[in-house]
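Breakdown of the fold
Below, each chain spelled out in residue letters.
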Amino acid sequence: MINIALCDGSTVTQRLISCMLEKIRKIKNFTVTKIKSGEELLSDNESFTPDVILINDNFCISDNIYGTEAARLIRSRYSLSEIIFLTSSPHNTGFSFTEAREFTCISKPVLYEDIEKSILSTFEKIPESEEVSFRYAHTSFSVIPEEIIYLEADKRNTYIRTAEKSYVSTENISTVMGKLPENIFFRTHRTYALNFGHIAAADEDIITMDNGEYVILSRQRKKDFQSSFERYKKTTQR
C-alpha cells in the first residue's frame, strides 16, 4: 500500500491537510504517517520508507534548512520517494530539478482540488505492488496483497475477499497466509485472517472491516492481535 509522509510542524495544518487526504482516500487507498520534525523524517528507521513525501515549505529539516532547499537531504535518505512541496513561492526553488530529481509544487493557500490533482498524479508514477499468485484447482489467479480485506477458511479452501471481488483458492488458509506480508496480515481465528490496513473498528470479539463486513477475533488471540495492530499503526500513522 502507498504510504504518504505528511511533514508539517504545525498541528493545525496537519489536521487540515489530513482532512483533505481522507477525502482522496475514498478514491485511492493509502496510509498517512505524520512527521513533525526533520530528525524524525531522516531517521534510520528501515521499516519506514514513504512513497510520497508531502512537505510544507516552512518545515525545518536540519540546521535551518527549509522547504525545497531540503530536497537534497531528503533525496540522500529517500532516493525513490516522490516529493510534493506546499509552498508560497513555487517558482523560486533555489536550485534546479536535476539536483534533487523532479518534484511537484502546490501553491499556498492549499486548495483541495490542487491536493487531489497532485496526489493522484504522483500515484501514477509509483509502481504498482507485486501480485501474489494463488491456486484454484489446476489453474491460478493473482491478487495484490494490499487489496485483500480478509481471508475466510472453508474446509480446505480459502475465500480471498477484496473490495471488488471474492476469490476462492483451493489452498488452505495457512498456505495462503504464508504468501502474504506478516506485518500486514493477522490470523484472528482458525477461520479468519485480516488485513490491518482495512480495519474500520475493533470491538471485544468482532472486528469491522472498511467494506462493512465482520471478522471474528478469538479470545486466545486477542492479546496478540492488540499488540500486532499497535505495531502496525505506529509504522503507518505516526
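What counts, and at which threshold
Residues numbered from 1 in each chain as written. Predicted model: local features only at pLDDT ≥ 70, side-chain atom pairs only at ≥ 80, totals over all residues. Heavy atoms only, no water. Helix = DSSP H or I, 4+ residues; strand = E, 2+ residues; numbered from the N terminus. Expected span 1.5 Å × (residues − 1). Buried < 20%, exposed > 50% of the residue type's maximum accessible area, 1.4 Å probe, protein only. Arc of directions from axis to C-beta. Contact = heavy atoms within 4.5 Å. Pairing = 2+ DSSP bridges. Axes fitted to C-alpha atoms, helices over the stretch in contact; angles between N-to-C directions. Polar contact = N/O pair within 3.5 Å; in protein donor to acceptor, adjacent residues only side chain to side chain. Parallel < 35°, antiparallel > 145°, perpendicular 65-115°, else oblique. Left-handed = near helix turned anticlockwise from the far one by under 90°.

Before going further, it helps to spend a moment on helix α4 (residues 112-123). Over its 12 residues, α4 runs 16 Å from end to end, which matches the ideal 16 Å to within 8%, given 1.5 Å per residue. Turning to α4, its buried residues number three or more, namely Tyr112, Ile115, Ser118, Ile119, Thr122 and Phe123. The arc that holds every buried residue of α4, seen down its axis, measures 140°, which confines them to one face. Seen from the open side of α4, the exposed residues pointing more than 90 degrees away from its buried face are Glu113 and Lys117. Considering only its buried residues, α4 is in contact with β1 (3-7), α1 (11-25), β3 (52-56), β6 (82-87) and β7 (104-107).

Strand pairing in a sheet relies on backbone hydrogen bonds. The paired strands run either parallel or antiparallel. As summarised here, the arrangement of the five strands in space is β2-β1-β3-β6-β7, forming an open sheet in which the pairing is parallel. Two strands lie at the open edges of the sheet, namely β2 (31-35) and β7, each paired on one side alone. Strand-to-strand twist in this sheet, taken as the mean axis angle between neighbours without regard to direction, amounts to 20°. Taken together, the four bridges between β1 and β3 define a ladder with parallel strand orientation. Bridge pairing in β3 links Leu6 to Leu54. In the packing of α1 onto the sheet, the strands contacted are β1, β2, β3 and β6, and the crossing angle to β2 comes to about 170°.

Another aspect to go through is the side chain of Ser169. For Ser169, the location among the structural elements is in strand β12 (residues 166-169). Take Ser169: its relative accessible area is 0%, and that puts it in the buried class. Side-chain polar atoms of Ser169 contact the backbone oxygen of Arg135, separated by 2.9 Å. What Ser169 contacts, discounting residues up to four positions off in sequence, is Phe134, Arg135, Phe141, Asn157, Thr158, Ile160 and Val176.

α4 packs onto α1 with a crossing angle of 55° between their chain directions and a minimal axis gap of 10 Å. The angle between the axes of α1 and α4 places the two elements in the oblique class. In this structure, α1 meets α4 at a crossing whose hand is right-handed. Contacts from Met20, Leu21, Lys23 and Ile24 in α1 reach Tyr112, Ile115, Glu116, Ile119 and Leu120 in α4.

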